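Listed below are the residues making up each chain.
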Amino acid sequence: MSGKDKVVLFYPPYDGPPLGAPLSLLCLASPLLQAGFEVKLIDNLLAPDYETTILREIEDALLLGISVLTGPHIGAAVRVAKAVKKRKPSLPVVFGGWHASLATEQTLREPFVDAIVRGQGELTLLELTQRIAQGGEWHGVRGLSFKDGSGRVVHEAERRVADINTLPAPAYHLADPGVYAAASGIRQLAYTSSVGCPYQCNYCTDQVFYKRRFNAYRVDRVVNDLSELVPRYEIDHVPLFDSNFLVDRKRAVAIAKGIIAAGIKFQWDFQTSTDFLALMSEEDVRLLAESGVHHIGFGTESASQEVLVLMNKRFQHVEQMVETARKTHLAGIHVVFNIILGYPGETEAQRQHTFRVMSEIAKDYSNVSFSPNIFTPYPGIPIWPQLREMGVREPQSLEEWETLALGTNVLPWLRGEDLRRLRRSLDYFLLNNQIRKVTKKIPWAKRSVRRILGAPVRWRIGKSRYSFPWELWVSRAVEKVVTRRSLLTGQPLAERTQEVC
Ligand code: B12
Ligand code: SF4
């Protein structure tokens, strides 16, 4: 025993690309360490037998905190919380993160969850830990929901989103990137330079968490951090976790210039919206590339203006997607366009229009790949009241949310033959683009592959005919020609892994 009060934080397994140490836990650990607590991080990636490790570590701990996103995270979170409650019923089990914050009431109903930290967690968790260490009561901790002594659920007032410049830096020293590289193959370090996005897309919960306020580190802070962290940990790749990095384009360009001036070499990538990138000059986009940006993910979602309006994405237009593709192509930056299919109100004609327009863009700009998914309603998204009216059944328990993998949910307007057609047209759309990419890279394959596979595929897409899909069977047999990519990093995802963010 170290003699210090200990907090155990657990990051459950997920379905997605490896991204280095979980940034959420590194951020939570920092103020706790500053206040003199001992922090034990348990990440499934490094501790495959995490349950045993957790049961050992909690013996002398003040509390167990678990980070929970909607989807696969939930399974392990529930299993571990149940096992901990069985072993040490008095130990407070605290859930935090997006799922717990967006489905608080439902999550707190579970007997194995004592408290939920809603939203940004650094200050709330610190305050709660201090109360627990001092044997104090939990009432009055802003941002906290908990069960009191009689089992009654109490929701304390909201905590204002903190200016991230006032929060301590993530405790990167707790996670050796070398150990992560051995487990994932990439020497990387996740970094957040800003939080929040000013927009209000109807399917996105950023507005619920960050109240539409873009809140960012100053340029010198980002450049200094990266100039220090990249060489210290010999980092090759930095995925930025910002909600919409280019909201402040001047800041973004100044960061790129700062990185170039500092002479540090690494690859970095981020997510943003096409309206911002389209407004940048070709020279500024080139600067991003020169500083190491090699991939950008865009939530383009649809090429139909009517559907974009339904999504409350009035700020985005097809011309900006084309401009984005053109400028990033010139700069040599790979981009992934996310596409949402089956959005409520989308017609088959609008969907086909999206496939056509997106295929045209990819034909002209080979740096464009896609991440198409069937609409999946996550907890807390603003469109839920309308979805309920349309007959969408909301998962009724924490465990039901676990199985809500992308594209497997049931949408009342997309069943049976309609759903089969959509899935097939999606596969053909991907196959068409993949054939184009492969044949561009291998000149000798160009004619034969295009003739045998490409022509019939384009005919099917043109005519919307998808029965007896022999081209898909052939492509799958040959070797996963239909690939999906992570919006975050651009990395190809296994066919099974549809979860991208
Ligand atoms: C990185 C990321 C991922 C990674 C996470 C893994 C990793 N190694 O980091 C991966 C790729 C797994 C991922 C997957 C998914 N993601 Co994602 N992801 C993000 C992203 C871009 C950054 C998250 C992050 O680390 N931020 C930085 C840290 C510091 O912030 P944080 O995680 O929010 O943590 C803070 C608080 O949440 C809280 N907190 C977090 N954990 C805990 C635990 C405790 C005990 C406490 C007290 C507090 C606390 O305190 C932290 C510090 O303030 C966010 C978007 C965003 N702008 O945040 C989307 C986001 C979280 N993802 C989202 C979605 C929809 C998904 C998917 C469901 C997508 C899908 N299509 O399937 C999947 C689900 C998981 C899966 N499939 O297994 C949504 C919401 C998710 C939700 N409802 O749970 C977001 C908000 C994107 C969006 N705008 O819609 N994602
Ligand atoms: S989907 Fe992207 S652009 Fe829309 S609100 Fe969310 S973060 Fe902002």
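Values in this document were obtained by computation on a predicted structure and should not be read as measured data.

Cut-offs applied
Residues numbered from 1 in each chain as written. Chains lettered and ligands numbered in written order. Predicted model: local features only at pLDDT ≥ 70, side-chain atom pairs only at ≥ 80, totals over all residues. Heavy atoms only, no water. Helix = DSSP H or I, 4+ residues; strand = E, 2+ residues; numbered from the N terminus. Rg over C-alpha atoms; globule rule 2.2 N^0.38 Å. Buried < 20%, exposed > 50% of the residue type's maximum accessible area, 1.4 Å probe, protein only. Contact = heavy atoms within 4.5 Å. Areas by Shrake-Rupley, 256 points an atom, 1.4 Å probe, with all protein chains shown as cover. Lys, Arg positive; Asp, Glu negative; His and termini not counted. Charge placed at Lys NZ, Arg CZ, Asp CG, Glu CD. Pairing = 2+ DSSP bridges. Axes fitted to C-alpha atoms, helices over the stretch in contact; angles between N-to-C directions. Right-handed = clockwise from strand over helix to strand, strands pointing away. Salt bridge = Lys/Arg side-chain N within 4 Å of Asp/Glu carboxyl O. Expected span 1.5 Å × (residues − 1). pLDDT = per-residue confidence, 0-100. Core = buried A, V, L, I, M, F, W, Y, C linked by side-chain atoms within 4.5 Å.

Enquirer: Which residues make up the overall build of the protein chain, and what values go with them?
Expert: Looking only at helices and strands, the protein chain has 20 helices and 16 strands in total. In terms of C-alpha radius of gyration, the protein chain reaches 23 Å, essentially the compact-globule figure of 23 Å for 501 residues. Seen through its principal axes, the protein chain has C-alpha atoms that stretch 75 × 55 × 40 Å. Residues classed as buried in the protein chain amount to 58% of the 501 residues present. Summarising the internal contacts of the protein chain: among those between residues at least 6 apart in sequence, 73% fall at separations of at least 24. Taken as a whole, the protein chain presents about 21100 Å² of accessible surface, with 53% of it coming from carbon and sulfur. Across the protein chain, the centroid of the 62 positively charged side chains sits 6 Å from that of the 54 negatively charged ones.

Enquirer: Outline the sheet that holds strand β14 (residues 368–374), supporting the account with residue identities and numerical values.
Expert: Two orientations exist for strands paired in a sheet by backbone hydrogen bonds: parallel and antiparallel. What the five strands build is an open sheet, ordered β10-β11-β12-β13-β14; its pairing is parallel. In this open sheet, the two strands that pair with only one neighbour each are β10 (237–239) and β14. Across the sheet, the mean angle separating the axes of adjacent strands is 15 degrees when strand polarity is ignored. Here strand β12 (residues 293–301) runs beside strand β13 (residues 334–341); their pairing, made up of five bridges, is parallel. Residue pairing in the sheet places Glu301 in a bridge with Ile339 of β13.

Enquirer: Give a description of the pairing of strand β3 (residues 61–67) that names residues and reports values.
Expert: Along β3, seven of the seven residues are buried, which leaves the element largely enclosed by surrounding structure. Direction of pairing for strand β1 (residues 6–11) relative to β3: parallel, over a ladder of five bridges. Counted as the bridge partner of Phe10 is Ile66 from β3. Bridge count between β3 and strand β4 (residues 93–96): four bridges; the pairing is parallel. Its bridge partner lying in β4, Ser67 is registered against Gly96. With helix α3 (residues 73–87) bridging β3 and the parallel β4, this β-α-β connection has right-handed handedness.

Enquirer: A description of the pattern of salt bridges should follow, citing residues and the corresponding values.
Expert: Under the definition given, this model contains 22 salt bridges. Asp242 is the salt-bridge partner of Arg251, the closest N and O atoms lying 3.8 Å from each other. Since its relative accessible area comes to 6%, Arg251 is described here as buried. Under the relative-accessibility criterion, Asp242 is labelled buried at 2%. When salt bridges that share partners are traced, they join Lys6, Lys40, Glu57 and Asp60 into one network.

Enquirer: Can you lay out helix α9 (residues 219–232) for me, pointing to particular residues and giving the numbers?
Expert: The end-to-end C-alpha separation of α9 is 20 Å, in line with the 20 Å expected for 14 residues at 1.5 Å each. Restricting attention to buried positions, one finds in α9 the residues Arg221, Val222, Val223, Asp225, Leu226, Leu229 and Val230. Buried residues along α9 sit in contact with β10 and α10 (249–262). Glu234 lies just past α9 and shows a positive phi near 50 degrees.

Enquirer: Lay out the confidence of the model for the protein chain with the relevant residues and their values.
Expert: Of all residues in the protein chain, 92% attain a pLDDT of 70 or more, and the chain-wide mean is 91. Note that residues 496–501 has pLDDT below 50 and, in this model, 23 contacts with residues that lie over four places away or in other chains.

Enquirer: Could you give an account of the nonpolar core, naming the residues involved and the relevant values?
Expert: Counting 117 residues, the largest nonpolar core has Leu64, Ile66, Phe95, Trp268 and Phe337 as the members making the most contacts within it. Of all the elements, α3 adds the most residues to this core, at eight residues. Discounting residues that sit within four places of it in the chain, Ile66 has contacts with Phe10, Pro12, Ala77, Val80, Ala81, Val93, Val94, Phe95 and Gly96. The next biggest cluster of nonpolar side chains, apart from the first, holds 24 residues, and it includes Val7, Leu32, Val94 and Ala171.

Enquirer: So, the environment of Ala157: which residues are in play, and what are the values?
Expert: The residue Ala157 is located in the loop between β7 (153–155) and α7 (177–184) in this model. Accessibility expressed as a relative area gives 39% for Ala157, which makes it partly exposed. Dropping the residues within four chain positions of it, Ala157 is found in contact with Arg118, Arg142 and Gly143.

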